[in-house]
Amino acid sequence: MPPVASLRRLLVHFLHAGTAASLLLALFALLIGPAAAEAQEGEGRQRAVVRGFVTDASSGQVLPGASAALIAGLGAGDSLRVVRGAGADADGFYQIASVAPGRYLLRVSYVGYEAAVDTLRLGDQRIVQRNVALAPVGEELEEVVVEQEGGPAKVEAGLQRIRPAELDRIPTPGPTGDLAGYLQTLPGVVSLGDRGGQLYIRGGAPSQNQVLMDKMLLYRPFHIVGFFSAFPQDLISGVDFYAGGFPARYSDRISSVIDVTMRKGNEQEYGGAVSLSPFLNGVQAEGPIREGRTSLLVSVRQSAIEQTAPPILGEEQPLTFGEQFFKLQNTSDTGQCSLTGLHTYDRGQIDPERNDVFKWQNYGLGGRCLAVSPRSPLTVEADFGVSRFSNEVGGGTDSDEQVDDRRASSIWNLYTNVDLSRPAGRSEVRGGFRVRARRVNYSLNERYQSIESREDFFISVGGYGGATVPLGDDLEISPGIALRAPLSYGLTVQPRLRAQWRPFGSDAQTLNAAAGLYQQILTGVSDERDAGSVFTVWTPAPFEAGENVRPQAIHALLGWQQRLARGVSLSVEGYYKRLADQIVPIWDTNARFTTTFEEATGNVYGLDARATYDREPFYLYLGYGLSWTRYGLGQEEFGRWFGSPVQEYHPPHDQRHSLNAVASYQSGPWQVNARWQYGSGRPYTPPIGFGTYFDLRELPDVRGQIGTPRFLFERPYGGRLPAYHRLDVSLERRFDLDFADLTLEAGAINAYDRANLFYYDLFRQRRVDQLPVVPYLSLKLDTLP
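Below is a summary of the structure that appears in this document. (Residues numbered from 1 in each chain as written. Predicted model: local features only at pLDDT ≥ 70, side-chain atom pairs only at ≥ 80, totals over all residues. Heavy atoms only, no water.)

As a further point, take helix 4 (residues 305-313). Since there are 3.6 residues in each turn of an α-helix, residues three or four apart along the chain are aligned in direction. For helix 4, the full list of buried residues reads Ile-305, Ala-309 and Leu-313. The arc enclosing the buried residues of helix 4, seen along the axis, measures out at 40°, which places them on a common side. Helix 4 presents Gln-307 and Pro-311 as exposed residues on the side facing more than 90 degrees away from its buried surface. Along its buried surface, helix 4 packs onto strand 18 (294-303), strand 19 (319-332) and strand 46 (774-782). (Buried < 20%, exposed > 50% of the residue type's maximum accessible area, 1.4 Å probe, protein only. Helix = DSSP H or I, 4+ residues; strand = E, 2+ residues; numbered from the N terminus. Arc of directions from axis to C-beta. Contact = heavy atoms within 4.5 Å.)

Below is the structure:
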C-alpha cells in the first residue's frame, strides 16, 4: 500500500478513535458523575457498602454464586428479616450497597458448605470488607434460599450460569464431564454432528459466538470430536452462557457469549490427577507457590481415539486432539491477578473416506487483575494478552502431498480491556475501554482455480457504559451502550437494555426481558453446503457488496421463570433475532470453497422451555427447543436457475424441534447418569442431476479429459434430513483410598446403536453416519482431598 494511503487510513482511524473516546468520556461523565454525587450524599446519610470475596477454606477456590445476606432485627423483641442480599460473581466477589447504620448479621452460604455468620456494627464506615472462607461439609447440604428485599434478580434474560458439578451429570467418554457435552443439552444449541467442533446457537453461525477464557478471546476451543472442548469439568470455576440479549460489556459478536472462568490451583496443598479412557488421557498438577496466596495449576490432555477406535468401534477414526493449559494466580485481601495460557491442537478427517484433512490450533496467553480499594467503592478489572487461531484443510497427511489443494486461514488478536464499576445508592454504574489489534490472512489454493490470498491488519478502540437501576423493590432495568471504532469502518453504536421484574415480590417468579443491537466486524466464512467441512476463513466484512457492510442482529427476548417448590423450577423464554448483512458465499453449481460473498438477511424465532427437579439424590431435567430460521439471499443467477432473483431458504442449522432429557441419581459413592437427545431433521439441498465442465482458460484435451464433475442442485435447502436421537448412559463409583481418590466410570454413547445420519455424500452416493455405540471405561486418580 502506498505511504500516502497508509497515512490516510491511519488518520481516519485516529479520528474515529478520538470520536469514540470523546463519546465514552461523555458517557462516563453522565454515569459516574451522578453516582459520585449520590455516593457523597450517601456518606451524609452514613450509608455503607459491605463487600468481599467468598472462597473454599480448604483450597482457596472462589465460590461463584454464593449467597450473602444482611439480616436485621437483632434487638430485643425485634423479628429477624433480610434487608439486603447479593450473590457472588464469577470471581467470588459479592457487594451489598446502600446499607444504613445499625447492627446486622452477615450470613454467607453455598451448597455443600457450612454457612458463615458474622456480626457487623455499621456506623461511619463507608467501606466494610468481609472476606469469607467457607468450610466444606462431609454430606452435601441443601441450598438455603434467601428471599431478597430489593436485591438483584437471580435469573436474567438469555443467561444460564453453569457450575462445574452440572457437567458431571452428562455421560462423556472421558474421565470427567465437559462443557461441550453440557451445552448440547440446552435448548437452542444445535450441533450438526458428533465431529467438527462447531455449535450453532439460536440461529447464529459458529463464528458469531464469542468464547472467552478468563476474558481471553478464543476462536474454536471445541475439539474435532464433539464431546470435548478445552473446558473440562475439573478445570473450570464457572461459566456465564448468554444465548442472546447479552449486555454492553460484550461486543464483537452477534449471536451468543460463552464466558468461562478457569479455576486456580490449590493454595493450601500439593496434588495431582491422572485420568485414562479410550478417548482421552490427561495429567494434572497443582499446588501453592506461596501458601494461601499464590498457586499454579497445569494440565495436559491428549486423545487416544485414533489408536483405540479399530478394536473398540470396529472402524477407523483418524481423529486426534489435545491441549496444554496453565494458570498462575496471586490472591490478596483486596484483589487477585492471574496469568493463563492455553494451546489446543486438532487434526483429522471428518469423513475417513474423503482425502480432506482438517487441522486447527488455538494459542492464548493472557493476564487478568481484579482490584478493590479499602477506601473507595470502585472496582477495577484489567485484562491483556494475545490469542491466535489457525486452521487449514488439504489432501494427504502432514506431508506436502497434494499441497495445491491446501487452504489455510489464521488470525492474531492482541487485546487490552479495562472495566470499572461502582455502587451508587442501590444502583450500580459500570463501563470500560477496549483496544484491539488484529491481523488476518488466508491463502486458498483450488485445483483448476487461481490462487487467492489476502492479509489485513487493523486496530479498533471502543468501550461501553451502563447501569443497573432498581425502580422500586421488584423492578430492575439495566440500560447500556457499546461503542466501537475500527479502522476504516466508522463508529458503531450498539444500544442494549435488560430488565427483571418480580411481580409477586419474590425471586420465585421472575419476568425477564432483553433487547439490543449487535454488530460484528470480523466474520468467519465457511461452505455451509458441505457438512463434511469445518474450514473457516476469518476476514473483515467485505466492501465488495457495499460500503461499510457489517453483519448485525437485533435481539429481543422475553422469559418467565417459576420456582414451584424447593428444587423444582420451570422456565420459558421466547426470542426473536433480525439478521442483516450476513456474509455468505455465493451459491454456485460447482461445490467448491469461494470468497465471493453476498449479503443475506434473516429472521429467527424460537422458544426455549425447561423443567428441573433437583433434590438429593435425584436430578431430572427436560429441555425443549422450538426454532425457526430463514435467510433471504439475492443473486442474479437465481433468476436463470429458479425463475426468481431472490431465494428464501432455511440454512442447514435450522432444527425445528429439539428435546433433551437428563436423569441422575447419586447414592453414597455411586452415581448413575442418563441423557436422551432428539433433534428433528435439518435442511439440505437435493440434487437434480450431474454435469461436467472444463476450465477454458487453457485449451483442454477433450479426447483425453472428461472434465470436472459437478452437481445441478434444486432450490437451496429444499429437503430435510432424517430425525436424530441418541441415548447416553454412565455408571460411576468413587473409592476413598488412603493416598488418593479413585473414580471408575463405565458407560456407552449411543447406547442403542442408532444409525444417525451425519450427512449424505452426493458424489459417492453414500451416507456418512455419526459414531455407532461407543462403550467406554475410564478411571481417574486424584491425590487432592
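On we go from here.
Here we take up the sheet that holds strand 13 (residues 216-218). Backbone-to-backbone hydrogen bonds pair the strands of a sheet. The strands run either parallel or antiparallel. On the basis of which strands lie adjacent, the open sheet formed by 5 strands has the order 9-14-15-12-13 and mixed pairing. Each edge of the sheet is formed by a strand with only one pairing partner; in this case those strands are strand 9 (159-162) and strand 13. Looking at each pair of strands side by side, their axes are set apart by 20° on average, direction ignored. Here 6 bridges tie strand 14 (residues 236-242) to strand 15 (residues 256-262), and the two strands are oriented antiparallel to one another. In the sheet register, Phe-241 faces strand 15, and the bridge partner there is Ile-258. (Pairing = 2+ DSSP bridges. Axes fitted to C-alpha atoms, helices over the stretch in contact; angles between N-to-C directions.)

The residue Val-137 is located in the loop between strand 8 (132-134) and strand 9 in this model. C-alpha separation for the pair Val-137 and Ala-115, spaced 22 residues apart in sequence, amounts to 10.0 Å.

Counting residues in each nonpolar core, the largest one holds 59 residues, and the members touching the most others are Ile-224, Val-225, Phe-227, Phe-228, Phe-279 and Ile-411. Other than its neighbours up to four places away in sequence, Phe-279 contacts Pro-173, Val-225, Phe-227, Phe-228, Ser-303, Ala-304, Ile-305, Phe-321 and Val-774. The next biggest cluster of nonpolar side chains, apart from the first, holds 33 residues, and it includes Ile-201, Leu-235, Tyr-621 and Val-662. (Core = buried A, V, L, I, M, F, W, Y, C linked by side-chain atoms within 4.5 Å.)

For the structure shown, the criterion picks out 41 salt bridges. Of the charged contacts, one joins Asp-178 and Arg-301 as a salt bridge, the two residues approaching to 3.8 Å between their closest N and O atoms. With Asp-178 in the loop between helix 2 (164-167) and helix 3 (179-183) and Arg-301 in strand 18, the pair connects residues that are 123 residues apart, well separated along the chain. Take Asp-178 and Arg-301: they sit in the same class, and that class is buried. Among the ionic pairs, Glu-392 bridges to Arg-406, the shortest N-O distance being 3.7 Å. Within this pair, whereas Glu-392 is found in strand 22 (residues 379-395), its partner Arg-406 is found in the loop between strand 22 and strand 23 (407-424), the two being separated by 14 residues in sequence. With a relative accessible area of 25%, Glu-392 lands in the partly exposed category. Taken together, the salt bridges that share partners define one network made up of Asp-91, Arg-249, Arg-368, Glu-381, Asp-383, Asp-419 and Arg-434. (Salt bridge = Lys/Arg side-chain N within 4 Å of Asp/Glu carboxyl O.)

Attention now moves to unusual backbone geometry. Look at the link from Glu-616 to Pro-617: it is a cis peptide, with omega at 10°. One can find Pro-617 in the loop between strand 33 (597-615) and strand 34 (618-634). You will see that Arg-202, though not glycine, has its phi angle at about 50°, which is positive. Secondary-structure assignment places Arg-202 in the loop between strand 11 (200-201) and strand 12 (209-213). A positive phi angle is found at Lys-215, which is not glycine, with a value near 70°. Examined against the element boundaries, Lys-215 turns out to sit in the loop between strand 12 and strand 13.

In terms of residue burial, strand 28 (residues 509-519) counts as a mostly covered element, since 8 of its 11 residues are buried. For strand 27 (residues 492-501) and strand 28, the ladder comprises 6 bridges, and the chain directions are antiparallel. The residue of strand 28 that forms the bridge with Arg-496 is Gly-516. As paired elements, strand 28 and strand 31 (residues 552-565) share 11 bridges and run antiparallel to each other. Paired with Tyr-518 across the bridge in strand 31 is Ala-553.

What follows concerns the environment of Ala-565. Inspection of the secondary structure assignment puts Ala-565 in strand 31. Along the backbone, Ala-565 and Tyr-613 are 48 residues apart, and their C-alpha atoms lie at a distance of 9.3 Å.

To continue, consider the side chain of Asp-178. For Asp-178, a relative accessible area of 0% corresponds to the buried category. Of note is the side chain of Asp-178, whose polar atom sits 2.9 Å from the backbone nitrogen of Ala-180. When near neighbours in sequence (up to four residues on either side) are disregarded, Asp-178 contacts Leu-167, Thr-172, Phe-227, Phe-228, Ser-229, Phe-231, Pro-232, Gln-233 and Arg-301. (Polar contact = N/O pair within 3.5 Å; in protein donor to acceptor, adjacent residues only side chain to side chain.)

Here we come to the packing of aromatic side chains. In this structure the tally under the stated criterion is 17 aromatic pairs. Plain terms: the ring middles of Phe-228 and Phe-279 are 6.3 Å apart, the flat faces sit at 45° to each other, and that makes the pair tilted. Of this pair, Phe-228 sits in the loop between strand 13 and strand 14 while Phe-279 is found in the loop between strand 16 (271-276) and strand 17 (280-290), placing the two residues 51 residues apart along the sequence. Looking at Phe-228, the relative accessible area reads 1%, which means it is buried. Take Phe-279: its relative accessible area is 3%, and that puts it in the buried class. Each member of the aromatic cluster is reached from another via a ring pair, and the members are Phe-227, Phe-228, Phe-279 and Phe-321. Its end group placed over the ring of Tyr-619, Arg-169 keeps NZ or CZ at 3.8 Å from the ring centre. It is Arg-733 that lies over the ring of Phe-735; its NZ or CZ is 4.3 Å from the centre. (Phe/Tyr/Trp six-rings, centres within 6.5 Å; stacked < 30°, edge-to-face > 60°. Lys NZ or Arg CZ within 6 Å of the ring centre and 35° of its normal.)

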